[in-house]
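Chain by chain, the residues:
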Amino acid sequence: MFASILILPLLAAGIATPPSKDAIVVKGHAWAPFISPMGEPFRARSADDDTLVRWFSQADRNRDGSLSPDEMRLDADRFFATLDTDHDGEIDPDELKQYEWEVAPDIQVMSRTRPPPGLPKTRPSDSQGQPSGHWRIGADADGDMGSHYSHGLQGAARYAVLNLPEPVAAADINFDRSITLTEFRQAAAERFQLLDGSRAGNLSLSQLQSLRLSLSTSKPKYDDPDARIGSPLPPGN
């Protein structure tokens, strides 16, 4: 009884008890990232920083202006190594949770979609005057409206070139709740094929920029299938 009398004034004064050791703390970020095909977030360092270009330049190891399947695999290997924090050769459930809550919290379904730095965030109204389900990026310096994020896109798909809400977990091919390097590499190969619609064997920056724009300006319904997801590899691959 005496202890309760002491605790109540503390609560009334707004002194919070420290979080338990099991409490989950989500890191927030002010600006929208670009989420790479393998799920790595690239966040702007300044108002004119193009995060898609930064990822592309990093992945393009030989600086020839295009990405090859090998470069896509090497980029996947590099990101896998950062996620595999205990270096046991797989991304386990704890490491996946760390990815979703600390590395890329922007992919969470309930996180609010943010525009790139330097662009205002406005919420448009639908035909009945009610706020619609997506955020529209405001006009740029030339008065043109940028792309909008549809409510039909969820998770990482809102910031990416592929409609994959959780790109790291999606690499778990056998659904055993862990992702091996072999699975991650296979996912990289499949995603390269999905992006390389013309089967040219390489990906250009302009091609990826067009894919990003077409994805962000589409208005899919929640249950609309995406033809780019689940497509089999071409024969012989």
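The rules behind the values
- Residues numbered from 1 in each chain as written.
- Predicted model: local features only at pLDDT ≥ 70, side-chain atom pairs only at ≥ 80, totals over all residues.
- Heavy atoms only, no water.
- Helix = DSSP H or I, 4+ residues; strand = E, 2+ residues; numbered from the N terminus.
- Buried < 20%, exposed > 50% of the residue type's maximum accessible area, 1.4 Å probe, protein only.
- Contact = heavy atoms within 4.5 Å.
- Areas by Shrake-Rupley, 256 points an atom, 1.4 Å probe, with all protein chains shown as cover.
- Lys, Arg positive; Asp, Glu negative; His and termini not counted.
- Salt bridge = Lys/Arg side-chain N within 4 Å of Asp/Glu carboxyl O.
- Polar contact = N/O pair within 3.5 Å; in protein donor to acceptor, adjacent residues only side chain to side chain.

1. Things to note about the overall build of the chain
Within the chain one finds six helices and nine strands. Classification of the 237 residues of the chain by burial places 38% in the buried group. For the chain, contacts bridging at least 24 residues in sequence account for 56% of all contacts bridging at least 6. For the chain, the accessible surface area stands at approximately 13,500 Å², while carbon and sulfur atoms represent 56% of it.

2. Some thoughts on the environment of Pro-93
Turning to its location among the elements, Pro-93 is positioned in helix H4 (residues 93-103). With a relative accessible area of 32%, Pro-93 lands in the partly exposed category. Sequence separation of Pro-93 and Asp-176 is 83 residues, and the distance between their C-alpha atoms is 9.9 Å.

3. Some points on the side chain of Glu-95
In this structure, Glu-95 sits in helix H4. One buried charged residue, Glu-95, forms no salt bridge at all, with the nearest opposite charge on Arg-177 at 12 Å. From its side chain, Glu-95 meets the backbone nitrogen of Thr-85 in a polar contact 3.0 Å long. Each residue touching Glu-95, except ones within four places of it in the same chain, is listed here: Leu-83, Asp-84, Thr-85, Asp-86 and Glu-90.

4. Concerning unusual backbone geometry
Although it is not a glycine, Arg-63 adopts a positive phi angle of roughly 55 degrees. One can find Arg-63 in the loop between helix H2 (51-59) and strand E3 (66-67). Backbone geometry places Phe-175, a non-glycine residue, at a positive phi of 55 degrees. When you line up the elements, Phe-175 lands in the loop between strand E7 (148-149) and strand E8 (179-180). Here Phe-175 falls in the exposed class, since its relative accessible area comes to 72%.

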